[in-house]
Amino acid sequence: MPAPDVLPADTLLYVDGVTVDFDGFKALNSLSLYLGKGELRTIIGPNGAGKTTMMDVITGKTRPTSGTVLYEGSVDLTRKAEEEIARLGIGRKFQKPTVFEALSVRDNLELASLGGQKLGVLLTMRTKEETRERIDTVLETIGLAGRRAVLAGSLSHGEKQWLEIGMLLIQDPKLILLDEPVAGMTDADTEKTAELILRLKGQHTVVVVEHDMHFVETLAAKTTVLHEGRVLAEGSVAAVRADPTVIEVYLGRS
Amino acid sequence: MNDRTTLLGPRGRIAMFLVLAVLLVSVPALNQWVPPGSPFHLPDHAVPLVGKYVCYALLALSLDLVWGLAGVLSLGHGAFFALGGYAMGMYLMRQIGDRGVYGNPELPDFMVFLNWSELPWYWQGFDQFPFALVMVALVPGILAFVFGWFAFRSRITGVYLSIISQAMTYALMLAFFRNDMGFGGNNGLTDFKDLLGYPLQAMETRIGLYVASVLALGIGLWLSIRIANAPLGRLLIAIRDAESRARFLGHRVLAAKLFVWTLSAMMAGVAGALYVPQVGIINPSEFSPANSIEVAIWVAVGGRGTLIGAPIGAFIVNGTKSWFTGLFPELWLLGLGTLFVAVTLFLPKGVIGTLIELRLRRAGPALAATNLEPEHAGA
Ligand SMILES: Nc1ncnc2c1ncn2[C@@H]1O[C@H](COP(=O)(O)OP(=O)(O)OP(=O)(O)O)[C@@H](O)[C@H]1O
Ligand SMILES: [Mg+2]
């Protein structure tokens, strides 16, 4: 995909020809894609296709060998540190749920809401009224209002995933990256997660990486298929499902 | 990993300060007001001995602040302690004035012995007590800041950090052993006479130093608990358990670590400064790597991450040490090793950690997390 001279006006993120070379193995191979503002995008692809690596590049965890990632038209994320990228409004949920197990649900959310604050603020004892309200709102959204005082370590798998999504929401990011949010979830929990994500649509740009095709269909969003570090197909879920190459490398095997 | 043991409830905190108050009053009272014949009388030599333990307790607390809370296991905290001690020792040396063996009003004896003609630049100012006091915290603080800046910025964690902190204290030990460093070489600094004009041998001075040590420990505990209860404390726990996750939330991980690390080193420096006039000497062996490892054992015995456990561990281990070395002087290292293994096997959370755990278990899981809530819940 050659770089266009003018980006579409509503582009939030433009991944431009990104290659990640791990000692000769190209986890990403000149990958290019656009994300529009407020868009919900699902990304599918076989194991090792580079989905997680793509998120690593966007969030600054992995530096690409070549290529750029333009955010809001002008910021090149490949030159920013992880913390800076987080402060720019990009939040990420990891494949493996990582909440702070030794802290309560409420404290996890509070800590997330304080992301980027100066030390002086972190030493203040009183929680601001506004922060408290935001914590309550997010607790409602993720359905954990009744579990606020429980240690995050004792939550069920599904609850941990929602808490992690809540920790992203409380930071009110422009771009939310979710890596396999329903992996290992019960069907009921998967259903609830889909509802949660659909509620976010429009307010945030959300990228969901997922293997669960039923879940991807429920989200009914524009879908990108990755394969061997590049885009294999892109379009509606139905269009992608019907694409013969996609069926061959990915769907056909399951 | 349910380890909400860091924090005491409000009642626990009151109990802690009561214990400190008893410690503060009882030692001077038992020494001064109970007549020497009584079985409750505390002999004169015991006052600086308990005072020494209190300094160790503060040192242990300083380590728990970084290790228990932030997960940074320093095996070089003895260096910060020793630097604080040397800063105080330099003031005490200058206080000797012309009462040294050579009677030189400016130069400490060891410098006269080395045929030095004038005081090196870095000894200037140490005749002023306020200056020395500032240096007691500033010198360890600056070293810690520089060390921490490079180590944390390069994301050196875990065992690697422990190893380079050992190397740091070892290097300092070798440096301080050298005569030409100007810190008395092998012998270190000793033969102190008085502090602020009060003779160090006088009981009043000893009690004054004891009281100052307990107050310093109290302030240290108050400060540490204050940090642990603030959002910063929860951030440090988050960094300890999942550092990169904390970074992705946008937290300034480097600043947070550097802050407690430097504060902790300054606390260790203050402990060293109070220790030196009570034991009457500071020499390079205080930098020895084994000393720093011992501090980590005190913290482990008391209960890592509990803050109050660290001072208690220091008392338990050093009390045992005094008693044990009286009986079998050669076997102490073996005894210490056995104690450490026993605690690791039977009380992995240390004495206080285990007590807190038992209390939480009795109260049921619901209470486990409300431990903290009164501080900031309001909801
Ligand atoms: N640090 C690394 N060093 C070497 N190879 C790596 C590294 N990280 C990832 N890879 C490889 O890059 C390829 C892409 O990995 P990635 O995790 O992005 O795949 P994925 O699409 O997320 O797969 P999955 O569906 O299994 O999560 C894999 O073959 C992986 O082994
Ligand atoms: Mg992956």
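Located above this text is the structure these notes cover.
Summary of the structure given here. (Residues numbered from 1 in each chain as written. Chains lettered and ligands numbered in written order. Predicted model: local features only at pLDDT ≥ 70, side-chain atom pairs only at ≥ 80, totals over all residues. Heavy atoms only, no water.)

Scanning chain A from terminus to terminus reveals 10 helices and 10 strands. Computed over the C-alpha atoms, the radius of gyration of chain A is 18 Å, within 12% of the 18 Å expected from 2.2 N^0.38 for a compact globule of 254 residues. With the C-alpha coordinates of chain A rotated into their principal frame, the extents come out at 55 × 40 × 35 Å. Partitioning the intrachain contacts of chain A with sequence separation of at least 6 by distance along the chain shows that 66% fall at a separation of at least 24. (Helix = DSSP H or I, 4+ residues; strand = E, 2+ residues; numbered from the N terminus. Rg over C-alpha atoms; globule rule 2.2 N^0.38 Å. Contact = heavy atoms within 4.5 Å.)

Broken down by element type, chain B carries 14 helices and 4 strands. For 379 residues, the compact-globule estimate of 2.2 N^0.38 gives 21 Å, and chain B sits close to it at 21 Å. Here the C-alpha coordinates of chain B stretch approximately 70 × 55 × 45 Å along the principal axes. Expressed as a percentage of its 379 residues, the buried residues of chain B come to 55%. The long-range share in chain B, meaning contacts at least 24 apart out of those at least 6 apart in sequence, stands at 78%. Of the roughly 16300 Å² of accessible surface on chain B, 69% is carried by carbon and sulfur atoms. (Buried < 20%, exposed > 50% of the residue type's maximum accessible area, 1.4 Å probe, protein only. Areas by Shrake-Rupley, 256 points an atom, 1.4 Å probe, with all protein chains shown as cover.)

Turning next to the packing of helix α2 (residues 46-69) of chain B against helix α10 (residues 289-302) of chain B. Residue and element names in this part refer to chain B. Between α2 and α10, the shortest axis-to-axis distance is 9 Å and the interhelical angle comes to 80°. In terms of orientation, α2 and α10 fall into the roughly perpendicular class. Residues Tyr56, Leu59, Ala60, Leu63, Asp64 and Trp67 of α2 pack against Val295, Ala296, Trp298, Val299 and Ala300 of α10. (Axes fitted to C-alpha atoms, helices over the stretch in contact; angles between N-to-C directions. Parallel < 35°, antiparallel > 145°, perpendicular 65-115°, else oblique.)

Next up on the list: the site of ligand 1. Residue and element names in this part refer to chain A. Around ligand 1, the structure places 14 residues, and the nearest of them are Asn47, Lys51, Thr52, Thr53 and His211. Alanine 49 has a polar backbone atom sitting 3.2 Å from an oxygen atom of ligand 1. One of the side-chain nitrogen or oxygen atoms of threonine 53 is found 2.5 Å away from an oxygen atom of ligand 1. Considering ligand 1 on its own, with 640 Å² of exposed area, one finds that the protein chains cover 61% of that surface. Elements with a minimum of two residues in the shell around ligand 1: β2 (25-36) and α1 (51-58). (Near = heavy atom within 4 Å. Polar contact = N/O pair within 3.5 Å; in protein donor to acceptor, adjacent residues only side chain to side chain.)

Two aromatic rings are characterised by how far apart their centres lie and by the angle between their planes. Residues and elements named next belong to chain A. The full count for this structure, using the stated rule, is 22 aromatic pairs over all chains. With a centroid separation of 4.6 Å and an interplanar angle of 5°, the aromatic rings of tyrosine 14 and tyrosine 34 are classed as stacked. Taken together, the positions of tyrosine 14 in strand β1 (residues 11-22) and tyrosine 34 in strand β2 put the pair 20 residues apart, joining distant regions of the chain. Classification of tyrosine 14 as buried rests on a relative accessible area of 5%. (Phe/Tyr/Trp six-rings, centres within 6.5 Å; stacked < 30°, edge-to-face > 60°.)

Next up on the list: the environment of valine 276 of chain B. All names here are of chain B. Of note, valine 276 is situated in helix α9 (residues 253-279). A relative accessible area of 0% means that valine 276 is categorised as buried. For the pair valine 276 and alanine 87, spaced 189 residues apart in sequence, the C-alpha separation works out to 9.6 Å. The contacts of valine 276, once residues within four sequence positions are left out, are Gly85, Gly89, Leu92, Phe192, Ile281 and Ile282.

The subject of this paragraph is the environment of leucine 109 of chain A. With respect to the helices, strands and loops of the structure, leucine 109 of chain A is situated in helix α3 (residues 105-113). Look past the residues within four positions of leucine 109 of chain A in its chain and what remains in contact with it is Ile135, Val138, Leu139, Leu163, Gly166, Met167 and Ile170 of chain A.

Looking now at the interface of chain B and chain A. The parts lose accessible area when they come together, and the size of an interface is often stated as this lost area. Chain B puts 39 residues into the contact, and the matching count from chain A is 40 residues. In total, chain B and chain A occlude about 3600 Å² of area from one another, counting both sides; carbon and sulfur atoms represent 61% of this. Between chain B and chain A we count 4 salt bridges in total. Across the salt bridge formed by glutamate 110 of chain A and arginine 234 of chain B, the nearest N and O atoms sit 3.0 Å from each other. (Buried area = accessible area lost by both parts, 1.4 Å probe. Salt bridge = Lys/Arg side-chain N within 4 Å of Asp/Glu carboxyl O.)

Before going further, it helps to spend a moment on the environment of isoleucine 352 of chain B. Residue and element names in this part refer to chain B. Tracing the chain through its elements places isoleucine 352 in helix α13 (residues 350-363). Taking the relative accessible area as the measure of exposure, isoleucine 352 reaches 10% and is therefore buried. Spatially, the C-alpha atoms of isoleucine 352 and leucine 307 are 9.2 Å apart, while their sequence positions differ by 45 residues. Apart from the residues lying within four places of it in its own chain, the contact partners of isoleucine 352 are Gly302, Thr306, Ile308, Gly309 and Ile312.

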